Amino acid sequence: MSDLPNLDPGALRLPDPAALAGPRSTHPPRILLLYGSLRERSYSRFLTLEAERLLRHFGCETRIFHADGLPLPDDAEASHPKVAELREACLWSEGQVWCSPERHGAMTGVMKAQIDWIPLSLGAIRPTQGRTLALMQVSGGSQSFNALNQMRVLGRWMRMVTIPNQSSVPKAYAEFDEAGRMRASPLYDRVVDVMEELVKFTRLTRDVSAHLTDRYSERKEAAAAAEARLNLSSAVR
């Protein structure tokens, strides 16, 4: 420790391989899916439904949150039924799928509003930290990754384990039939890849997420706060 004078030994913990190799849950992975459109014929919803079918085939339990009726961020109380529904679903989930159309070179306001209603913490509980995340986007023109890149930044900000693979569906109007089912194509194959990878990462990380997200800086801050409370209590006796 002599060559690491800035470290707090009391807050330091070495990564523990045993903590990463404990018992594994056997229940179906719980996946929440969000999409960023309210249109009647919504290609992001169609793509989300295709993802849900795949996830169920891979043995997952799924929920899709429909954002119709969700107020704008800060335009209602957190007790609003749609906000409460979204937050409860986030707490229930072990992994998530975010799917947004690209509009004006960015994710839609509908998509961003959903993410903005999810806080980093609810008391001592963090509804997104350590959960896995898969990203998809649809666009009306040529292939683009703008919405994906934005959502990837948000996933990192929300402290989620965002998987490497992702899906971008260009000219989405040509990729779905009248019933809203995605046509067979390499683009569909990529969606299969992404959902398969999400399930693998979710099963790999869900039982060890607390260890993966246990941080030195937060342990150090918690120890300092506890010491301050102890000193204050001693001073007022």
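This one's a predicted model, so the numbers in the text were calculated from it and none came from an experiment.

Cut-offs used in this document
- Residues numbered from 1 in each chain as written.
- Predicted model: local features only at pLDDT ≥ 70, side-chain atom pairs only at ≥ 80, totals over all residues.
- Heavy atoms only, no water.
- Helix = DSSP H or I, 4+ residues; strand = E, 2+ residues; numbered from the N terminus.
- Buried < 20%, exposed > 50% of the residue type's maximum accessible area, 1.4 Å probe, protein only.
- Contact = heavy atoms within 4.5 Å.
- Areas by Shrake-Rupley, 256 points an atom, 1.4 Å probe, with all protein chains shown as cover.
- Pairing = 2+ DSSP bridges.
- Right-handed = clockwise from strand over helix to strand, strands pointing away.
- Phe/Tyr/Trp six-rings, centres within 6.5 Å; stacked < 30°, edge-to-face > 60°.
- Expected span 1.5 Å × (residues − 1).
- Polar contact = N/O pair within 3.5 Å; in protein donor to acceptor, adjacent residues only side chain to side chain.
- Core = buried A, V, L, I, M, F, W, Y, C linked by side-chain atoms within 4.5 Å.
- Salt bridge = Lys/Arg side-chain N within 4 Å of Asp/Glu carboxyl O.

1. Quick notes on the overall build of the chain
- A count of helices and strands for the chain gives 7 helices and 6 strands.
- Each principal axis of the C-alpha distribution contributes one length, and for the chain these read about 75 × 40 × 35 Å.
- Split into buried and exposed, the 237 residues of the chain put 43% on the buried side.
- Sequence separation of at least 24 residues holds for 77% of the intrachain contacts in the chain that already meet a minimum separation of 6.
- Carbon and sulfur atoms make up 55% of the accessible area of the chain, which totals about 12900 Å².

2. Side note on the pairing of strand 2 (residues 61-65)
- Taken together, the 5 bridges between strand 1 (residues 30-35) and strand 2 define a ladder with parallel strand orientation. Counted as the bridge partner of I31 is T62 from strand 2.
- Each parallel crossover has a hand, and for strand 1 linked through helix 1 (residues 43-57) to strand 2 it is right-handed.

3. Examining the packing of aromatic side chains
- Enumeration over the complete set of coordinates arrives at 3 aromatic pairs.
- Taking the centre distance of 5.9 Å and the plane angle of 45 degrees together, the rings of F46 and F176 count as tilted. Remark: F176 occurs in the loop between strand 6 (161-169) and helix 5 (186-205) and F46 occurs in helix 1; sequence separation between them is 130 residues. Take F46 and F176: they sit in the same class, and that class is buried.
- A connected cluster of aromatic rings, assembled from ring pairs, spans Y43, F46 and F176.

4. Digging into helix 5
- Between its first and last C-alpha atoms helix 5 spans 28 Å; for 20 residues at 1.5 Å apiece the expected length is 28 Å, and the two agree.
- Among the residues of helix 5, L187, V191, V194, M195, E197, L198, V199, T202 and T205 are the ones counted as buried.
- Contacts made by the buried residues of helix 5 are with strand 1, helix 1, strand 3 (95-103), strand 5 (132-138), strand 6 and helix 6 (209-212).
- Where helix 5 begins, the side chain of S185 points an oxygen toward the backbone nitrogen of L187, at a separation of 3.1 Å.

5. Observations regarding the side chain of T132
- Turning to its location among the elements, T132 is positioned in strand 5.
- At a separation of 2.6 Å, a polar atom in the side chain of T132 contacts the side chain of T202.
- Not counting chain neighbours up to four residues away, the residues in contact with T132 comprise E94, G95, Q96, M160, V161, L198, F201, T202 and T205.

6. Points about the nonpolar core
- Membership of the largest hydrophobic core comes to 27 residues, with the highest contact counts inside it found for L47, L55, V97, M136, M195 and L198.
- Mapped by element, the contributors of at least two residues to this core are strand 1, helix 1, strand 3, strand 5, strand 6 and helix 5.
- Discounting residues that sit within four places of it in the chain, L198 has contacts with I31, L55, Q96, V97, T132, L133, A134 and I163.
- One finds F65, M107, W117 and L133 within the second-largest nonpolar core, a separate group that totals 23 residues.

7. A look at the pattern of salt bridges
- Tallying each qualifying case throughout the model produces 13 salt bridges.
- With a shortest N-O distance of 2.7 Å, E88 and R63 are connected by a salt bridge. Of the two residues, E88 is situated in helix 2 (residues 81-92) and R63 in strand 2; the sequence distance between them amounts to 25 residues.
- Taking the shortest distance from any N to any O, the salt bridge between D116 and K112 comes out at 2.8 Å. You can see D116 and its partner K112 sitting in helix 3 (residues 109-116), 4 residues apart, about one turn around the helix.
- Residue K112 is classed as partly exposed on the basis of its relative accessible area of 32%.

8. Side note on helix 2
- In this model helix 2 runs 16 Å from its N-terminal to its C-terminal C-alpha over 12 residues, within 8% of the 16 Å that 1.5 Å per residue would give.
- For helix 2, the set of buried residues is K82, V83, L86, R87, A89, C90 and W92.
- Packing partners of the buried residues in helix 2 comprise strand 1, strand 2, strand 3 and helix 3.

9. Remarks on the pairing of strand 1
- Burial of strand 1 is extensive: 5 of the 6 residues sit out of reach of the surface.
- Two strands pair when backbone bridges link them, and strand 1 and strand 3 are joined in this way by 5 bridges, in the parallel orientation. Across the sheet, the residue bridging to L32 is Q96, located in strand 3.

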